[in-house]
Amino acid sequence: MNTPVPLSSPSPAHRGLLAVFGSTFFELTGYFMLTPWLVLRLTEQGAPTALIGLFAASAWIGILLVTPFASAITRALGRRRTLWLSGAVPVVAGIGYGLPLEGAAALTLWFALKMLAGMASGLRWVLAEALVAEFAPAHLRGRAVGLFETMVGATFVLGPALLAAVGPSSTMALWCAVALLAVGLVWTLAVPPLPREGDAHTAHVGWRGVWAALRAHPVIMAAGLCGGFFESGLTSVLPLYGVSLGLTAAAATLLVSASGLGSALLMLPAGALADRLGRRPGQRGGAGGARLRLMRACAAVTLLATLAVPWVAGTPWLAWPVAFLWGGAGGCLYTLAMIDIGARERGVTLVNSTAVLVMAYTLGGVLAPSLVGAALQWAPRVGLPALLAAVALLCLVLLARARAGRRI
């Protein structure tokens with residue numbers, strides 16, 4: 001008689017990965033469904049455009065405010081409880097948007113809730129990235145991080161698509177978004193107990209931790225800034241660039257899709273390639289050297305794509321592959337930087353380094369629209385390619401001078 005062999009239960013690391021993936025997917029889908037709903041409601045209520053823009057930016061202000069202190073909050077509450085907090089606050093904020101208030105009271109509440117939700121999103125961003133890098137097996141870390149970044153990118157599309165399907169300004173859309181946020185919170189509660197961080201009593205937190213992480217990985221953070229510049233920052237001004245080329249408004253808007261498609265399609269292959277090259281025996285610099293060479297290649301791609309810009313005006317169809325390469329290479333730079341940090345750090349130190357990488361990426365995303373807008377206004381033919389080439393070249397030079405195994 002054959003005795004059935006019991007199936008082994010998933011390891012805590014595997015359960016942790018599943019919980020972080022699932023909770024982040026539902027929370028971000030709800031978040032990106034809720035954000036345009038709020039903007040549309042304010043528009044319908046006749047709010048000034050400048051005020052609506054400030055409202056939309058308040059979430060990013062919240063992210064920037066909380067990110068330097070993510071490690072301090074994590075050390076005080078523990079990684080698991082901090083992740084729970086990051087899931088609970090958006091649910092409370094979503095319910096608050098449905099309160100029957102009007103006028104200045106409603107607007108004040110919405111601003112406060114939007115900023116709190118942004119701060120919770122900042123905590124989620126830092127902790128989820130760090131935990132995926134820590135939970136993933138070393139030989140699959142690149143694939144795990146690449147898949148996670150691809151999934152995050154998918155929520156940017158899925159959230160607004162669900163909003164359009166339910167009704168862009170209907171009350172039902174609000175409660176659907178809150179339901180998705182609540183499902184994300186339930187998934188977050190499934191994160192298994194985490195061991196105490198080994199560096200809980202020794203690692204710096206707050207601004208001292210930020211400075212320590214920046215000193216430990218200056219070139220990696222520069223790569224993250226360049227990634228944010230080309231992936232996130234350029235996306236917001238690609239329609240403006242397309243119109244300056246003579247494209248129709250609809251065609252110019254599609255440049256955003258080309259950039260998003262590049263990051264969505266290339267981040268997972270970049271992570272898988274980092275895993276594969278890192279396992280090759282006798283490789284110079286080991287796995288760290290492989291990641292560094294891939295980051296150099298991504299920086300080189302951004303530079304080569306930028307060098308094609310002077311020819312785009314005469315052949316506008318070139319704008320689509322250029323935007324694809326900018327988005328793809330920029331997204332891969334951030335993904336590879338996160339993989340590299342995850343391979344080097346653990347515990348509170350990993351949270352610190354991830355927080356600084358997020359800040360660098362966000363700074364790149366903030367700098368690009370203002371600088372590109374000024375370049376298009378002052379020197380549309382020369383200023384834009386010169387600016388983008390300078391950013392890409394600086395990143396490439398820093399990566400070229402770095403050496404695996406040393407402080408990068």
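In this report, the structure presented in the accompanying data block is examined. Per chain, the residues get numbers from 1 upward, laid out in the order the sequence is written. The predicted nature of this model means local features are confined to residues of pLDDT at least 70 and side-chain atom pairs, given and counted, to a pLDDT of 80 or more, with totals for whole chains, interfaces and linings taken over all residues. The side-chain values count all of the structure's non-hydrogen atoms but skip hydrogen atoms and water molecules.

Another aspect to go through is the packing of aromatic side chains. Each Phe, Tyr or Trp ring, with Trp reduced to its six-membered ring, pairs with another whose centre is within 6.5 Å; inter-plane angles below 30 degrees give stacked pairs, above 60 give edge-to-face pairs, and intermediate values give tilted ones. Inspection of every chain in the model, using the stated rule, returns 12 aromatic pairs. Plain terms: the ring middles of Tyr97 and Trp110 are 5.7 Å apart, the flat faces sit at 80 degrees to each other, and that makes the pair edge-to-face. Note that Tyr97 is positioned in helix 4 (residues 79-97) and Trp110 in helix 5 (residues 103-135), a separation of 13 residues in sequence. Judged on exposure class, the residue Tyr97 and its partner Trp110 are both buried. Ring pairs connect the aromatic residues Trp37, Phe55, Tyr97, Trp110 and Phe111, which therefore count as one cluster. Runs of E in the DSSP output that reach at least two residues are strands. Runs of H or I that reach at least four are helices, and both are numbered from the N terminus. Exposure categories follow from relative accessible area, calculated using a 1.4 Å probe and restricted to protein chains: below 20% of the type maximum is buried, above 50% is exposed, and the middle band is partly exposed.

Looking now at the pattern of salt bridges. The salt bridge definition used is simple: a Lys or Arg side-chain nitrogen within 4 Å of an Asp or Glu carboxyl oxygen. Evaluated as defined, the whole model comprises five salt bridges. A salt bridge links Glu134 to Arg79; its shortest N-O distance comes to 3.0 Å. Residue Glu134 is located in helix 5, and its partner Arg79 is located in helix 4; the two are separated by 55 residues in the primary sequence. For Glu134, a relative accessible area of 23% translates into the label partly exposed. By relative accessible area, Arg79 is classed as buried at 5%. The residue Asp340 makes a salt bridge to Arg344 at a minimum N-O spacing of 2.5 Å. Of this pair, Asp340 and Arg344 are both found in helix 14 (residues 319-344), four residues apart, which corresponds to roughly one turn of the helix. Using a relative accessible area of 30% as the deciding quantity, one classes Arg344 as partly exposed.

That is the geometry; function is a separate question.
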